[in-house]
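Here is what each chain is made of, one letter per residue.
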Amino acid sequence: MDLEAVRTFVAVADAGQFQKAAADLSITQQAVSKRVAALERALGMRLFARAPRGAELTIDGQAFLPHARELLRVAERAVASVRPGRRPLRVDVMASRGAQAGLMRGFHRAHPEIDLDVVMLLEFGTAVGAVRSGAIDATFRAVAAPGLPLPEDVVSVRVLDEPLQLLTGPAHALAGARSVTVERLVGHRIWMPGIVPGSEWGAYYDDLVDEFGLTIEATGPNFGSDALLDTIAETPALATFMGEPTRLIWPAGHGLRRIPVTDPTPVYPHALLWHRDNPHPALAVLRAHLAAATTAHDAAGTWRPDWVIPPSPVSPPTNSGPDAPGGG
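Keep in mind that this is a model prediction, so the values were computed, not measured.

**So, the packing of aromatic side chains**
Both the distance between ring centres and the angle between the ring planes are used here to describe each pair of aromatic rings. Enumeration over the complete set of coordinates arrives at six aromatic pairs. Aromatic side chains Phe9 and Phe48 sit 5.3 Å apart centroid to centroid with 50° between the ring planes, which places their arrangement in the tilted category. Pair noted here: Phe9 is in helix 1 (residues 3-15) and Phe48 is in strand 1 (residues 48-51), with a separation of 39 residues, a long-range link. Comparing Phe9 with Phe48 shows no difference in burial state: the two are buried.

**Here's the deal with the pairing of strand 4 (residues 116-119)**
Looking at chain direction, strand 3 (residues 89-92) and strand 4 are connected through four bridges and run parallel. Following the sheet pairing, Leu89 is matched in strand 4 by Leu116. A crossover connection joins strand 3 to the parallel strand 4 through helix 5 (residues 99-110); in handedness this β-α-β unit is right-handed.

**Brief notes about a nonpolar patch on the surface**
A contiguous nonpolar patch, built from Met1, Leu3 and Leu71 and spanning about 280 Å² of accessible area, is present on the exposed surface. Tracing the sequence through the fold places Leu71 in helix 4 (residues 59-82).

**Re the pairing of strand 6 (residues 154-168)**
A large share of strand 6 lies buried, amounting to twelve of its 15 residues. Note that strand 6 and strand 12 (residues 265-275) share nine bridges and pair antiparallel. Within strand 12, the position partnered with Leu160 by the bridge is His270. Sheet topology note: the strand 6/strand 10 (residues 238-243) ladder contains five bridges and is antiparallel. Bridge pairing in strand 10 places Leu164 opposite Gly243.

**Notes on the packing of helix 1 against helix 2 (residues 18-25)**
Where helix 1 contacts helix 2, the axes come no closer than 8 Å and their chain directions differ by 125°. In terms of axis orientation, helix 1 runs oblique to helix 2. Of the two possible hands of crossing, helix 1 and helix 2 adopt the one that is right-handed. On the side of helix 1, the interface is formed by Thr8, Ala11, Val12 and Ala15, while helix 2 contributes Phe18, Lys20, Ala21, Asp24 and Leu25. By residue class, the composition of the contact of helix 1 with helix 2 is six nonpolar, one polar and two charged.

Here is what the cut-offs are and how they apply
Residues numbered from 1 in each chain as written. Predicted model: local features only at pLDDT ≥ 70, side-chain atom pairs only at ≥ 80, totals over all residues. Heavy atoms only, no water. Phe/Tyr/Trp six-rings, centres within 6.5 Å; stacked < 30°, edge-to-face > 60°. Helix = DSSP H or I, 4+ residues; strand = E, 2+ residues; numbered from the N terminus. Buried < 20%, exposed > 50% of the residue type's maximum accessible area, 1.4 Å probe, protein only. Pairing = 2+ DSSP bridges. Right-handed = clockwise from strand over helix to strand, strands pointing away. Patch = residues over 30% accessible without salt bridge, like charges linked within 9 Å, V, L, I, M, F, W, Y side chains within 5 Å. Areas by Shrake-Rupley, 256 points an atom, 1.4 Å probe, with all protein chains shown as cover. Salt bridge = Lys/Arg side-chain N within 4 Å of Asp/Glu carboxyl O. Axes fitted to C-alpha atoms, helices over the stretch in contact; angles between N-to-C directions. Parallel < 35°, antiparallel > 145°, perpendicular 65-115°, else oblique. Left-handed = near helix turned anticlockwise from the far one by under 90°. Contact = heavy atoms within 4.5 Å. Nonpolar A, V, L, I, M, F, W, Y, C, P; charged D, E, K, R; others polar.

Here you go:
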């Protein structure tokens, strides 16, 4: 149904005259007549009867008028829902307890006046497609992954390099270490269930294996972080990687250890992606917040060798307690 014709019908009904409705709408009287006639043809009924004092609603016109007003109200609400600044900023993160979610929590604390809708789309292609279609305003991804090029209309900026730590149970051979070098991890089984072949985090861990000769296993079903922590706590032969800022809670009896990895420290490169034509004003606020709150990086970063922090002669601080996984 032509909403302009409906709007014109309501204007004539309110004015009682085609001529006055034309003036109210800033169009010609002929245009008003054409729109009303087109609406009558579409509905298959007459809406107005000519009268000495102008135009009077027919019985059908009187029945249609309240519905016409509601149509216009619904149309206005629909437009308002997608008008820049009137709908929540929709951002995709990969995990509710990871570094990306932490960045969004920080943004929300800094800008509580901005409505947010945080979603989780695991697959790279799904997230990028959602950015391009406008289903989401932005997503956090590791865009430098090999074989995962970005479309030309999607922009990215590196926002955070997340250091990885080793998480072990109390009986693991490295449980007592204050820090551990990457070289010392060779020969130890690092369990990362849920790695999806072809994903950006899958490519990341493939690179760690190729570069440092690590043993990273993705065997078995992924039952979530609680099951992962239970297994690590109970299995002396297994460890896993956790992102330094990742927040997790586990039973006190697990006795889990978080151990900084050094020389070099592997870091997971997070970037923010958005469509270059996205008009949402809060997106610019988010980008400015991330630029101010995190260490500056090149526009897109690179997959190699930027995902490691160079060796440092200074030993890192000791374990700070339970909080855990990141990366993929």
